[in-house]
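Read off the chains here:
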Amino acid sequence: MLFFTKTALGNLLRKYSTRMYPHVVREPFKDARGELYNEIDKCIFCMKCSKVCPSQCITVNNKAATWECDPFACVYCGVCVENCPVSCLHMKPAYRKAVYNRELIHMQGELKKKKTASAPKTTPEVATAANPDDLGESPE
Amino acid sequence: MARTIIPFGPQHPVLPEPIHLKLVVEDEIVKEALPAIGYVHRGLEKLADIRDYNQMIQIVERVCGICSMIHAMCYCQGLEEMMKVEAPSRAKFLRVIWSELHRMHSHLLWLGLFADAFGFEALFMQFWKIRERIMDINEATAGNRVIVSVNVVGGVRRDLSPEQCRWILKELEEVERQIKELQSTMLKDYSVCKRTKGIGVLTKEQAHELGAAGPLLRASGWAQDCRQLGYAAFPELDFSPVFHTDGDCWARGWVRFMETLQSINLVRQAIAKLPQGELAAKVKGNPEGEIVTRVEQPRGELLYYIKANGKKNLERLRIRTPTFANVPPLLAMLPGVELANVPVVVLSIDPCISCTER
Ligand code: SF4
Ligand code: SF4
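Everything quoted here is computed from the prediction, not taken from an experiment.

Next up on the list: the sheet that holds strand 2 (residues 20-26) of chain B. All names here are of chain B. Within the open sheet, the 3 strands sit side by side as 1-2-3. Their pairing is antiparallel. On the outer flanks of this sheet lie strand 1 (4-8) and strand 3 (29-36), each paired with one strand and no other. Strand-to-strand twist of the sheet, defined as the mean angle between neighbouring strand axes without regard to direction, takes the value 25°. Of the pairings in the sheet, the one linking strand 2 to strand 3 comprises 7 bridges and is antiparallel in character.

Written out as structure tokens, the structure reads:
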């Protein structure tokens, strides 16, 4: 009888189990599979990532040196990250925030010509709306 | 009162899963139940035609969110057997750890939903609060709360560091303490017993005849569990199935409650015995042949039939999930049940319709 009373009273005295979410955000775990990003300077446009991706959400153009990912189709499995031969793909530990527009992550790189002196110095160009940090008010 | 047909589902507050039952009732007593499924068919098996066998791992994980890891493990084990590679023993132990974590969070989810079905909202919240700890373990060790995606053909992709093992053990201690705190509420409370004891009885013979699986089968007195087959590292762990002879809704709750505690014990054993070594064996070439593999999912026996012909894409992939096996027993349990108890009885089989229809 009344077995739950102890638990219920205990809950009254304990601190909240929930967080006031957008205001209080938990630190992400170190190895969580969050948002995908590409260090485009290192990318050699070999298309390996787009071939192994189970949801086929990466488009690589090795002529125009572009790398595109549809973050809405990505299932954050991390297979592309593991298969990239130059390890230029990474996953941030934090999940992608909600966005208003459905846009691709588009990155423009530079084709690497057979070991010429011109070291790649393009900075990754991210479509503005695809960068979640630019969207909406950040909770802080 | 004359016979009336009452539709139950596919949208029903107690059941997030879309199953439709036409309940023929007379004086609020169910006389017959006619099921209809097919609301969430996604055609995942057919995807084997256009995705190669490695990509299918991520796809079969999505057959069922709650036991994603176990689906992938079953699929990978099948392919390993077909391609004659053996997963390293560290991988086998890690598979046990993650699959038992999945069983735990699935059972805690069910215990909560079950409490909700008989109207005990506070207990529901309590179980789900405990479950969050398991989800955190999943996220911290494998990278995602639900779809852990740790399997590859030949082994696993992620490793556990000694600190992580210690942290898991610490968390599990707290989980165990909190679950045990709820034991008398879940199993002895007067109102809980009133809503579950003697309701929806499935006898031992019926369970056998109708081919019940998983906790439903074990609650009817059969000590059968696919983990006894000795896949992954189970032969090296001390394991015997939990079973009960009552065969009613309460007994199913009891079995799942005890299995949750048993899973904690299995994870502890696996961490204690975790051997050093490789994570995955090298796999070369494409699979060829035909194979059936079985594992124990939280809901019962999961069966994969894989047929491959030496190409990148599988020729045929067929999945039989435990809920499919548990629908006929459900239909045998419903006649004679009061209408108000139907949600309790339906939930007591732990229906997972999305994975039944894929
Ligand atoms: S696999 Fe890596 S290097 Fe190759 S295209 Fe993808 S991101 Fe670039
Ligand atoms: S994380 Fe998975 S789904 Fe997303 S782009 Fe990489 S391989 Fe594709």
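Moving on from the model shown.
Let's shift gears to the site of ligand 1. Near ligand 1 you find 14 residues, and of these Cys43(A), Cys46(A), Met47(A), Cys49(A) and Cys84(A) are the closest. Classifying every residue of the shell around ligand 1 by side-chain character gives 12 nonpolar, 1 polar and 1 charged.

As a further point, take the site of ligand 2. Around ligand 2 there are 13 residues in total, and Cys53(A), Cys74(A), Cys77(A), Gly78(A) and Cys80(A) lie nearest to it. Counted by class, the shell around ligand 2 contains 11 nonpolar, 2 polar and no charged residues.

This paragraph deals with the interface of chain A and chain B. The interface of chain A with chain B comprises 26 residues on the first partner and 29 residues on the second. Both sides of the chain A and chain B interface together cover about 2,300 Å² of buried area, and 47% of this is carbon and sulfur. Scanning the region where chain A abuts chain B turns up 3 salt bridges. With a closest N to O distance of 2.9 Å, Glu82(A) and Arg157(B) form a salt bridge. Inspection of the chain A/chain B interface yields 18 residue pairs in polar contact (both at pLDDT 80 or more). Listed by contribution, the elements that provide at least two residues to the side of chain A that touches chain B are helix 1 (4-13), helix 2 (48-52) and helix 3 (79-83) of chain A. Take the side of chain A that touches chain B: its biggest share by element is 4 residues, from helix 1 of chain A. Across the side of chain A that touches chain B, the residue classes break down as 13 nonpolar, 6 polar and 7 charged.

Rules of the game
- Residues numbered from 1 in each chain as written.
- Chains lettered and ligands numbered in written order.
- Predicted model: local features only at pLDDT ≥ 70, side-chain atom pairs only at ≥ 80, totals over all residues.
- Heavy atoms only, no water.
- Pairing = 2+ DSSP bridges.
- Helix = DSSP H or I, 4+ residues; strand = E, 2+ residues; numbered from the N terminus.
- Axes fitted to C-alpha atoms, helices over the stretch in contact; angles between N-to-C directions.
- Near = heavy atom within 4 Å.
- Nonpolar A, V, L, I, M, F, W, Y, C, P; charged D, E, K, R; others polar.
- Contact = heavy atoms within 4.5 Å.
- Buried area = accessible area lost by both parts, 1.4 Å probe.
- Salt bridge = Lys/Arg side-chain N within 4 Å of Asp/Glu carboxyl O.
- Polar contact = N/O pair within 3.5 Å; in protein donor to acceptor, adjacent residues only side chain to side chain.

In short, the description is geometric, and any link to function would need to be established separately.
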